[in-house]
Amino acid sequence: MDFLLHGFFQAFHLLWTGDPETYSAIWTTVLVSTMSMAASLLIGIPLGFSLGINDFKGKKILRTLVDTLLSFPTVVIGLLVYAFLSRQGPLGDFGILFTLPGVAVGQTILGLPIIIALTATAVETLDKRLKPTLTTLGATPRQMLFTTILEARHSLMLAAMAAYGRIVSEVGISMMVGGNIKWHTRTITTAIALETGKGEFSVGIALGIVLMVVALGVNMCVSGLRKRAR
Amino acid sequence: MEEALKKLLYAIAALTLMLGTPAYAAKTMILATTTSTANTGLLDELIVPQFAKDTGIEIKFIAVGTGKALKMAENCDVDAVLVHAPAAEQKYVDAGVLIDRTQLMYNDFVIIGPASDPARIKGKKVVEAMKTIAAAKSVFTSRGDNSGTNKKEISLWNVSGMAVPDKEQWYVQTGQNMISTINIAAEKGGYTMTDRGTYIKYEANHKGNAPLKILVEGEKVLFNQYSALAVNPEKCPSVKYDLATRFIKWMASPKTQEAIGKFKLLGKVLFTPNATQ
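This one's a predicted model, so the numbers in the text were calculated from it and none came from an experiment.

Caption draft 1: Just the interface of chain A and chain B, in detail. At the interface, 23 residues of chain A touch 27 residues of chain B. Those elements that provide at least two residues to the side of chain A that touches chain B are α2 (20–53), α5 (100–124) and α7 (141–151) of chain A. Residue contributions to the side of chain A that touches chain B peak at four residues, all from α2(A). For the side of chain A that touches chain B, the residue count by class is twelve nonpolar, eight polar and three charged.

Caption draft 2: Structural context of the pairing of strand β3 (residues 80–83) of chain B. Residues and elements named next belong to chain B. In β3, alternate side chains face the same way, and those of Ala80 and Leu82 on one face and Val81 and Val83 on the other are all buried. Sheet analysis places strand β1 (residues 28–33) next to β3, joined by three bridges and oriented parallel. Within β3, the position partnered with leucine 31 by the bridge is alanine 80.

Caption draft 3: Expanded view of the nonpolar core. Grouped together as the largest cluster of nonpolar side chains are 130 residues, with contacts concentrated most on Leu31(B), Ala73(B), Val78(B), Ala80(B), Val81(B) and Ala244(B). Ranked by residue count, the leading element in this core is α5(A), at 15 residues. The two domains that each donate at least three residues to this core are domain 1 (8–106 + 224–273) and domain 2 (109–222) of chain B. Apart from residues no more than four positions distant in its own chain, Ala244(B) is found in contact with Met29(B), Asp79(B), Ala80(B), Ala230(B), Val231(B) and Val239(B).

Caption draft 4: Local environment of the packing of helix α3 (residues 42–55) of chain B against helix α10 (residues 241–252) of chain B. Residue and element names in this part refer to chain B. The N-to-C vectors of α3 and α10 enclose an angle of 110 degrees; their axes lie 11 Å apart at closest approach. Taken together, α3 and α10 sit at an angle that is classed as roughly perpendicular. Contacts from Phe51, Asp54 and Thr55 in α3 reach Arg246, Phe247 and Trp250 in α10. The class makeup of the residues in the contact of α3 with α10 is three nonpolar, one polar and two charged.

Caption draft 5: Structural detail: the environment of Gly161(B). By the element assignment, Gly161(B) lies in the loop between α7 (148–159) and β6 (171–173). It is 35 Å that separates the C-alpha atoms of Gly161(B) and Leu42(B), two residues lying 119 residues apart in sequence.

Caption draft 6: Structural context of α10(B). Residue and element names in this part refer to chain B. Counted at 1.5 Å a residue, the expected span for α10 with its twelve residues is 16 Å, and the 17 Å between its end C-alpha atoms agrees. Among the residues of α10, those classed as buried are Tyr241, Leu243, Ala244, Phe247, Ile248 and Met251. Seen from one end, α10 has its buried residues packed into an arc of 165 degrees, which puts them on one side.

Caption draft 7: Highlighting the domain arrangement of chain B. Residues and elements named next belong to chain B. Domain annotation of chain B identifies domain 1 (8–106 + 224–273) and domain 2 (109–222). Relative placement of domain 1 and domain 2: their C-alpha centres are 28 Å apart. The interface of domain 1 with domain 2 comprises 18 residues on the first partner and 18 residues on the second. At the level of elements, α2 (35–39) and α4 (66–74) are the ones that each hand at least two residues to the side of domain 1 that touches domain 2. Sorting elements by how many residues they give to the side of domain 1 that touches domain 2 places α2 first, with three residues. The class makeup of the residues in the side of domain 1 that touches domain 2 is seven nonpolar, ten polar and one charged.

Basis of the calculations
- Just so you know, the residues in each chain are numbered from 1, in the order the chain's sequence is written.
- All chains are assigned letters beginning at A, and all ligands numbers beginning at 1, according to the order in which they are written.
- Per-residue local features are limited, in this predicted model, to residues with pLDDT of at least 70; the limit for side-chain atom pairs, both in listing and counting, is 80 or more; totals at the level of whole chains, interfaces and linings are taken over all residues.
- The contact criterion used is a C-beta to C-beta distance within 7 Å, with each C-beta placed from the backbone.
- Strands are runs of DSSP state E lasting at least two residues, helices are runs of H or I lasting at least four, and both sets are numbered from the N terminus onward.
- Throughout, the ten residues Ala, Val, Leu, Ile, Met, Phe, Trp, Tyr, Cys and Pro are labelled nonpolar, Asp, Glu, Lys and Arg are labelled charged, and all others, Gly among them, are labelled polar.
- Partly exposed residues are those whose C-beta has more than 12 but fewer than 20 other C-beta atoms within 10 Å; 20 or more makes a residue buried and 12 or fewer makes it exposed, with C-beta atoms placed from the backbone.
- Strand pairing requires that DSSP identify at least two bridges connecting the strands.
- To define a nonpolar core, we join buried Ala, Val, Leu, Ile, Met, Phe, Trp, Tyr and Cys residues through C-beta atoms within 7 Å and take the resulting set.
- Segment limits for the domains were obtained from an automatic or database-derived domain assignment.
- Geometry is summarised by axes, namely lines fitted to C-alpha atoms with helices restricted to the contacting stretch, and by angles between N-to-C directions that run from 0 to 180 degrees.
- Geometric relationships in this document are graded by angle, where less than 35 degrees denotes roughly parallel, more than 145 denotes roughly antiparallel, 65 to 115 denotes roughly perpendicular, and other angles denote oblique.
- Helices are assigned an expected span. That span is 1.5 Å times one less than the residue count.
- Starting at the helix axis, one direction is taken to each C-beta atom, and the arc is that of these directions.

Okay, here's the thing in structure tokens:
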């Protein structure tokens, strides 16, 4: 039990003393989650937009499929990505197994269904008069995309935060594809898994708190953006 | 607003590309190793820094069970392995997947259990102890994960003339690493088999006063040999065979062997060097 309290104080100690392993894990986490979020948003928002704004045969089926992918377990994603990125696999020659870009590929697969599904919903629940209004104003498809994103920005920010939460807290993909290599692919979550596996429970708690501090920082930035966007 | 958004997107894309490009490392090699070697701190505290100092090569090691390490070698995803399952290693050597097998160091396996020793196995011979535990239906935790330790434990059941008690209620297959398995045994007041190195680390975690104590030790059948093997470049053209060879030779060199023998926790030696000169 005392490892809980000990861990709480250790969190601040690790951050304050600039513990190199902790800061390496923080930097690695920030780096890989930024890559994954950027890719998820850049690919997911346009896809979610087209899924939401258009009406086509099979839209319901496609939507159901995307929603089902929201339940894709991270260990399975990790396993699939490993299979593809392994030297024996089709993408082996890129040599990105056990590197952060490899992990980012997996985490993007994790985040995409969230972004697509929530963007589609956000777009669908916008005022129905938006699309015809833009059309009468002579909007190009690109302008249509950007203006709709602007109108739905609050819902999209929430979608981004939901995807971020899922990405930054996952272990399955980072472990399998990253390999938890010290100084290179050891994220905060894989470090927690390692330390608790070594029996160092208070370090595990401490790193968990560190992760929440990082997440708090990110959310504060987004909240600042939200204010400006009003 | 649209311009600002576009600029932001381009900036993120540029940043991602920049940061995502694999950095050109001086010289690095990937080593797959066992969780028991990694969790003792031998790699982090001694091997990796010293090897970097002596040769300028950085070892990126991935700690998984022996079964997985050997499989990763077969997939050409690593350059060398450091494992402790001689029978499994031999299979891969015979198949030509791994080469240059070099014995490096040993310790032994021990059977641990609660100080109260409800099944009364203390001081018994391994075979008798296993039979006693099975007869008493005492909780026994197993790695259950195809690791080197797991393979040894299974061989002990076989040597005692029993099948692995797979479906028994008292046989707890954790599927996790050694420390977690020991912790589960401690929670349930049961027994388990571990390598001495991890046990000493476990003891150190508890500041010398661990709930589980060594009850059975010292027989030849509990001998635990660690070896390094290189991935065959003929089977895997992309592996860094030259770096792997340097690693293995360095591990077997007198200076490194001496340093391994001096690596201690709680004043106890974890691995005894035994590379044949």
